[in-house]
Structure formats: C-alpha cells, structure tokens
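These are the residues of each chain, in order.
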Amino acid sequence: MSLNISVVGGTGPQGRGLAYRFALSGHAVTIGSRDATRAQEKADEINVKLGASSVSGATNADAVQASDIVLLAVPWDGHADLVLGLSEQLAGKLVISCVNPLGFDQDGPFGLVLEESAAQETQRLVPTARVVGAFHHVAALSLWKTPDPLSHDDVLVCGDDADAKDVVQDLAASVTGKRGIDAGALRLARQLEPLTAVLISMNKRYKTRSGVAVTGVEQG
Ligand SMILES: NC(=O)c1ccc[n+]([C@@H]2O[C@H](COP(=O)([O-])OP(=O)(O)OC[C@H]3O[C@@H](n4cnc5c(N)ncnc54)[C@H](OP(=O)(O)O)[C@@H]3O)[C@@H](O)[C@H]2O)c1
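- Going by the annotation in an unreviewed UniProt entry, the name recorded for the chain is NADPH-dependent F420 reductase, with Aeromicrobium fastidiosum given as the source organism.

Following this line, the structure appears as structure tokens:
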C-alpha cells in the first residue's frame, strides 16, 4: 500500500535519507522545511537519484497538512517549539520520531538525561497524535549511499498505539528489507534515543557506520 508521508526537517541528512528510502519503496513523500524553496531543492536532489518525480517539497506546515504520516527528522535543539508550531497540523496524525537528544563534549557524544524522550515530548504536546519512535539508529549516510536494503540492521519501533506501531514496523522494510521490531511502549524511547550516542562513539573509534541488530527475535 502506498503511503503519503511528509518529512519535517527533510532537508537534513537523516530526513533526506529516509525520504529516499520511502520513495524507493513506492510511497509519496513530501520534504518539509522552514523554507519552501529549500524543501523543493532537496526534493529535486532526491528525485534525480530516484530517476523519478515522486518527491515534492513544501513548508513544514503544508507538508504535514497534506500527509497521513509525518516523520520528524529535526535536531533536539528547538524541538518543542517546532512541534508546538505544527501542533494543529500534527493533530490526529501518525507521527514518527527519529529525534535523538544528544550532547557532545571533549569526551565525545552522550545522551542527554531528560525527564521525557523527544518522542514522549511530541506525544505530550500533541495528545491526539499517534506517536511512534523509530529509525533512531540508522545512519544517514548509509540510507543515502546505495539503494540496497540495510539488511544487517534492525529498526526498533516503540509506541503506545498498536495499529500505528504496526504501520511503522511495515514501513521499516523500506530501509532494511524486513519488518521493524516491536521494542515496546513509547516510554522506552528514553532508552532508545540515547543509545545513538554509543553508536556514534563506536563510529569514531572504528571509522564505520554502526547500526543495531537484535538476535533471538523471530517475526511471526
Ligand atoms: N544524521 C544521522 O545519521 C542521524 C541518525 C539517526 C537519527 N538522527 C536524528 O535525526 C534528526 C535529524 O538529524 P539530521 O542530522 O538530519 O539533522 P540536521 O541536519 O541538524 O537538521 C535537519 C533539518 O532540521 C531543520 N532544523 C534545524 N534546526 C531547526 C530548528 N531549530 N527548528 C526547526 N527546524 C530546524 C533544518 O531544516 P530547514 O532549515 O530546511 O528547516 C535541517 O536541515 C536528529 O534528531 C538526529 O538526532 C540522525
């Protein structure tokens, strides 16, 4: 089934990479930005790589308004203001958050210690949205570099709405070629989001793009 997906912050590397993968799988994608021209330029770049014209660009608000599913791919800085500013358009929608609240200092990356995760913050600010956390651990460059499925990676999916989580688990196949793993309730985003700091640290140490793979889970 073809989905209608908007990517808020789709001009950044993570949004661009996921938009590319979603469009490759046949979904209609709108890149969102604070600047419509910047969004259209990014959409054009993705369309060139796709050899198609299935990606369009718009302001974040227009992109969200026109879509059934929204991916938030923005930095943690300014996250609450951005979500609040889009709360009218996000109401009632399936909202995927891949936002990782991270800090960096002389010792490298670290997960910020917060009372709630980014995904939970979105859920609190837009109570009618069906928020799902996913795609926190897939590296932007890997998403963009080749069209091949990232078959060694798993996408961990958390959320409190079973139907919404099911849709996102299916959508994960556009990245890895297999269904995402149900990782539990939305509150577990507090554990999933900062794990990315560990991956970034390993990337620096081993000069690679690490991901997450789970053993012992058979998808029925
Ligand atoms: N990069 C990765 O490999 C990776 C992997 C997994 C998860 N993530 C997570 O995905 C999210 C996006 O990552 P990214 O590297 O693509 O981020 P980014 O390049 O820093 O930002 C993405 C886009 O967000 C918009 N933006 C920036 N500051 C904003 C603000 N204060 N308010 C509203 N919009 C703002 C910008 O778009 P406009 O200026 O066009 O509006 C920007 O192009 C982050 O939370 C990150 O932790 C990233």
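There's more to say after this.
1. Observations concerning helix α2 (residues 36–50)
In step 1: The first and last C-alpha atoms of α2 sit 21 Å apart over 15 residues, in line with the 21 Å expected at 1.5 Å per residue.
In step 2: All of the buried residues along α2 are Ala39, Lys42, Ala43, Ile46, Asn47 and Leu50. The buried residues of α2 occupy an angular sector of 140° when projected down its axis, which confines them to one face. In α2, those exposed residues whose orientation departs by more than 90 degrees from the buried face are Thr37, Glu41 and Val48.
In step 3: Backbone nitrogen of threonine 37 and a side-chain oxygen of the N-cap are separated by 2.9 Å at the start of α2; the cap is aspartate 35.
In step 4: Where α2 terminates, the next one or two residues include glycine 51, which has phi positive at roughly 70°.

2. What to know about the nonpolar core
For soluble globular proteins, nonpolar side chains are generally found buried alongside one another.
In step 1: Ranked by size, the top nonpolar core spans 35 residues in total, and within it Leu18, Ile96 and Phe135 carry the most contacts.
In step 2: Counting residues per element, the ones that place at least two in this core are β1 (4–8), α1 (13–24), β2 (28–33), α2, β4 (69–72), β5 (94–97), α7 (140–145) and α8 (162–171).
In step 3: Here leucine 18 is in contact with Leu71, Cys98, Phe135, Val138, Leu143 and Val175, once residues within four sequence places are set aside.
In step 4: With 26 residues, the next largest nonpolar core counts Leu72, Val74, Ala129 and Leu192 among its residues.

3. Points about the UniProt feature "domain: Pyrroline-5-carboxylate reductase catalytic N-terminal" (unreviewed entry) in the chain
In step 1: Under the feature "domain: Pyrroline-5-carboxylate reductase catalytic N-terminal" (unreviewed entry), the UniProt entry names residues 5–101.
In step 2: The annotated region residues 5–101 carries 45% helix and 24% strand content, and the separation between its end C-alpha atoms amounts to 23 Å.

4. Examining the sheet that holds strand β10 (residues 181–184)
In step 1: Strand order in the open sheet made by the eight strands is β3-β2-β1-β4-β5-β8-β9-β10, with mixed pairing throughout. Each edge of the open sheet is held by one strand with a lone partner, namely β3 (55–59) and β10. Adjacent strand axes in the sheet meet at a mean angle of 30°, parallel and antiparallel pairs treated alike.
In step 2: Where β1 lies against β2, five bridges are found, and the strand directions are parallel. Across the sheet, the residue bridging to valine 7 is isoleucine 31, located in β2.
In step 3: Strand contacts of α1: β1, β2, β3 and β4, with the helix running at about 165° to β2, the strand carrying the most contacts.
In step 4: Packing against the sheet, α2 makes contact with β2 and β3, and its axis sits at approximately 170° to β3.

5. Some words on the site of the ligand
In step 1: In the vicinity of the ligand lie 20 residues, with Thr11, Ser33, Arg34, Arg38 and Val74 positioned nearest.
In step 2: A distance of 2.8 Å separates an oxygen atom of the ligand from a polar atom in the side chain of arginine 38.
In step 3: For the ligand, whose free accessible area comes to 890 Å², the fraction covered by protein is 74%.
In step 4: For the shell around the ligand, the class distribution of residues is 10 nonpolar, seven polar and three charged.

6. As for unusual backbone geometry
In step 1: One non-glycine residue, phenylalanine 135, adopts positive backbone phi at about 65°.
In step 2: In this fold, phenylalanine 135 is placed in the loop between β8 (130–133) and α7.
In step 3: In this structure, lysine 207 is a non-glycine residue whose phi angle is positive, near 50°.
In step 4: On the secondary structure map, lysine 207 appears in the segment after α10 (189–206).

7. Focus on the pairing of β5
In step 1: The side-chain alternation of β5 yields two buried faces, one formed by Leu94 and Ile96 and the other by Val95 and Ser97.
In step 2: Bridging between β4 and β5 involves four bridges; their strand directions are parallel. Each residue of the ladder has a partner; that of isoleucine 69, found in β5, is leucine 94.
In step 3: Relative to β8, β5 is paired through four bridges, and the arrangement is parallel. Paired with valine 95 across the strands is valine 131, a residue of β8.

So, how was this worked out
Residues numbered from 1 in each chain as written. Predicted model: local features only at pLDDT ≥ 70, side-chain atom pairs only at ≥ 80, totals over all residues. Heavy atoms only, no water. Helix = DSSP H or I, 4+ residues; strand = E, 2+ residues; numbered from the N terminus. Expected span 1.5 Å × (residues − 1). Buried < 20%, exposed > 50% of the residue type's maximum accessible area, 1.4 Å probe, protein only. Arc of directions from axis to C-beta. Polar contact = N/O pair within 3.5 Å; in protein donor to acceptor, adjacent residues only side chain to side chain. Core = buried A, V, L, I, M, F, W, Y, C linked by side-chain atoms within 4.5 Å. Contact = heavy atoms within 4.5 Å. UniProt positions renumbered as here; feature names shortened; annotations may be inferred. Pairing = 2+ DSSP bridges. Axes fitted to C-alpha atoms, helices over the stretch in contact; angles between N-to-C directions. Near = heavy atom within 4 Å. Areas by Shrake-Rupley, 256 points an atom, 1.4 Å probe, with all protein chains shown as cover. Nonpolar A, V, L, I, M, F, W, Y, C, P; charged D, E, K, R; others polar.

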